[in-house]
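The chain contents come next:
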Amino acid sequence: MSTTRNDPVITSYAKAPARTITASGVTYAYRELGPKGGIPVILFVHLAANLDNWDPRIVDPIAREHHVIAFDNRGVGASTGQVPDSVEAMADDAYTFIRALGFDTVDIFAFSLGGMVAQALVVKHPELVRKLVLTGTGPAGGKDIDKVAGTTYHDILRATLARSDPKEFLFFNRNAAGKPAARAFVDRLKERTADRDAHVSLKAFRTQLKAIKTWGRSAPADLSKITQPTLIANGDNDRMVPSVLSDDLHRRIPGSELIIYPDSGHGGIFQFHDTFAPVAVEFLGR
C-alpha cells in the first residue's frame, strides 16, 4: 500500500485534482496541491470567480513549499447552495469549509472580494488564522467600495464591445504595459484544459455585488484586532477597489507590510507575478 509520502506531489495548479466535501448541507468544490502537512494556505477568490480564476504563476510557486487549497464558496461554481448576500455570511461559510477539512490553523491568501471575506473571518475567528495576505481589497466602510458594481458593469460593457474578457478592463490599465499583461493573464487562466469548474451564475454574481455594496456602506471594523502578520499588495491604479484602501488597511492593521506596484491596476499582483510570487512565498515561509 502506497503512503502519501511516496505519491508525487502536484505543484501545478493546472493539474490539481478537483475534490468536494459536504458540510452543513453544502457541498464545497475545491482543489488542492503542494506538499501535505504543515499549515495550509487557503485561497479566497474574487467577485464572479470560480476555481479557474487563480493565476497559476502565483499559485504554483506557493505550492512548491506549502499545501494550497482553493475553493468555491457556497453557491459559486460547482459548490451547491445559494450565495449569501453579506460578506460576513460568506466568511461563516469559509469557516465551515476550513473546519470540515479538519484544520485548526491556516494561512489565508485573498484577492478582492476574497480579501473582504478574509477580514470578516479573521475578526470573528482570530485563532484560526496564522498569516494573512490581502491583495486588491479594502476594509468595511471603505471609500467608494459601494461603487464597485457601477465600475464592473461599465467595464463588462466595454469588454463586450471589444470582444475581450472583462478582466482585461477591470484588472489592468488600458495602456502599453497593461494590455499585454492582461492578455497574458487571461491566457494563463486557460492552462487547465480538463475538469474545469462550473460557470458562476448571473444570480450568484449579482448577489456578490450586493454583498460588496453592503460591505462598502457598513460601519468600519476595528482592524487593530488583527494581530496576525499581514501582507497587503495592490497596483497603484485600482479602479475597482481604490488603491488608497490598501494604504488604509496598512495603517489600521498593526505591523502590516504594504506593496504597491507601479503603472498597474486591480490585478497588479498578476501583472507583477514574477516579482510578487517570491515575496508572498517568503512571507508565508517565515
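Here the structure is shown first, and the text comes after it.
A short tour of the structure in this document, coming up. Just so it is clear, the model here is predicted, and its values are computed rather than measured.

## Overview of the overall build of the protein chain
Along its length, the protein chain carries 10 helices and eight strands. On C-alpha atoms alone, the protein chain measures out to a radius of gyration of 18 Å, which is about the 19 Å that the 2.2 N^0.38 rule sets for 286 residues. A sequence separation of at least 24 residues applies to 74% of the contacts in the protein chain between residues at least 6 apart. Approximately 12100 Å² of the protein chain is accessible, and the part contributed by carbon and sulfur atoms is 53%. Computed over 34 positive and 32 negative side-chain charges, the separation of the two mean positions in the protein chain equals 4 Å.

## Structural notes on the environment of Glu88
Among the secondary structure elements, Glu88 is positioned in helix H2 (residues 87-100). For the pair Glu88 and Ile62, spaced 26 residues apart in sequence, the C-alpha separation works out to 27 Å. Residues contacting Glu88, with those up to four places away along its chain left out, are Ala120 and Trp215.

## Here's the deal with the side chain of Gln119
With respect to the secondary-structure elements, Gln119 resides in helix H3 (residues 113-124). Not counting the four nearest positions on each side in its chain, Gln119 is found in contact with Leu134, Thr137, Gly138, Pro139, Ala140, Trp215, Leu223 and Leu249.

## What to know about the nonpolar core
Grouped burial of nonpolar side chains is what soluble globular proteins tend to show. Of all hydrophobic cores here, the largest spans 88 residues; its most connected members are Phe44, Trp54, Ile98, Ile108, Phe109 and Phe276. A total of seven residues in this core trace back to one element, the largest contributor, which is H3.

## Comments concerning the pattern of salt bridges
Tallied over the full model, the rule gives 22 salt bridges. For Arg188, the salt bridge identified is with Asp55, shortest N-O distance 2.6 Å. Remark: Asp55 occurs in the loop between strand S3 (41-44) and helix H1 (56-63) and Arg188 occurs in helix H6 (residues 178-188); sequence separation between them is 133 residues. The exposure classification of Arg188 matches that of Asp55, with both residues buried. With a closest N to O distance of 2.7 Å, Arg74 and Asp93 form a salt bridge.

## A short note on the packing of H2 against H3
Remark: H2 packs on H3, axes separated minimally by 8 Å, with the N-to-C direction vectors making an angle of 75°. Classified by the angle between their axes, H2 and H3 sit roughly perpendicular to one another. Listed contacts from H3 to Val87, Glu88, Met90, Ala91, Asp92, Ala94, Tyr95 and Ile98 of H2 are Leu113, Met116, Val117, Ala120, Leu121 and Lys124. Of the residues contributing to the contact of H2 with H3, the split by class is 11 nonpolar, no polar and three charged.

## A word on the packing of H3 against helix H7 (residues 202-217)
Relative placement of two packed helices is described by the angle separating their axes and the distance separating the axes. Orientation of H3 relative to H7, taken along the N-to-C sense of each, is 55°, at an axis distance of 11 Å. It follows from the interaxial angle that H3 and H7 lie oblique. Crossing of H3 against H7: the hand is left-handed. Every residue of H7 that contacts H3 at Leu113, Met116, Gln119 and Ala120 is listed here: Gln208, Ile212 and Trp215. Taken together, the residues of the contact of H3 with H7 sort by class into five nonpolar, two polar and no charged.

## Some points on the sheet that holds strand S8 (residues 257-261)
As summarised here, the arrangement of the eight strands in space is S1-S2-S4-S3-S5-S6-S7-S8, forming an open sheet in which the pairing is mixed. The strands lining the two open edges of the sheet, one partner per strand, are strand S1 (18-23) and S8. Each neighbouring strand pair of the sheet contributes to a mean axis angle of 20°, computed without reference to strand direction. The pairing of strand S5 (residues 106-111) with strand S6 (residues 129-135) spans six bridges and is classified as parallel. Paired with Phe109 across the two strands is Val133, which belongs to S6.

## Regarding the pairing of strand S4 (residues 68-71)
Neither face of S4 is left uncovered, since the one carrying Val68 and Ala70 and the one carrying Ile69 and Phe71 both have all their residues buried. In this sheet, S4 lies alongside strand S2 (residues 26-33) in antiparallel orientation, the contact comprising four bridges. Of the residues in S4, the one forming a bridge with Tyr30 is Phe71. In terms of strand pairing, S3 meets S4 through three bridges, oriented parallel. Its bridge partner lying in S4, Val41 is registered against Val68. Crossover connection from S3 via H1 to parallel S4: handedness right-handed.

## Quick look at unusual backbone geometry
Leave glycine aside and you will find that most residues have negative phi; peptide bonds, for their part, are mostly trans. Its identity as a non-glycine residue notwithstanding, Ser24 has a phi of 50°, on the positive side. The class of Ser24 is exposed, set by a relative accessible area of 69%. Phi at Asp195 takes a positive value of approximately 55°, unusual for a residue other than glycine. For Asp195, the location among the structural elements is in the loop between H6 and H7. Judged by its relative accessible area of 51%, Asp195 is exposed.

How each quantity is defined
- Residues numbered from 1 in each chain as written.
- Predicted model: local features only at pLDDT ≥ 70, side-chain atom pairs only at ≥ 80, totals over all residues.
- Heavy atoms only, no water.
- Helix = DSSP H or I, 4+ residues; strand = E, 2+ residues; numbered from the N terminus.
- Rg over C-alpha atoms; globule rule 2.2 N^0.38 Å.
- Contact = heavy atoms within 4.5 Å.
- Areas by Shrake-Rupley, 256 points an atom, 1.4 Å probe, with all protein chains shown as cover.
- Lys, Arg positive; Asp, Glu negative; His and termini not counted.
- Charge placed at Lys NZ, Arg CZ, Asp CG, Glu CD.
- Core = buried A, V, L, I, M, F, W, Y, C linked by side-chain atoms within 4.5 Å.
- Buried < 20%, exposed > 50% of the residue type's maximum accessible area, 1.4 Å probe, protein only.
- Salt bridge = Lys/Arg side-chain N within 4 Å of Asp/Glu carboxyl O.
- Axes fitted to C-alpha atoms, helices over the stretch in contact; angles between N-to-C directions.
- Parallel < 35°, antiparallel > 145°, perpendicular 65-115°, else oblique.
- Nonpolar A, V, L, I, M, F, W, Y, C, P; charged D, E, K, R; others polar.
- Left-handed = near helix turned anticlockwise from the far one by under 90°.
- Pairing = 2+ DSSP bridges.
- Right-handed = clockwise from strand over helix to strand, strands pointing away.

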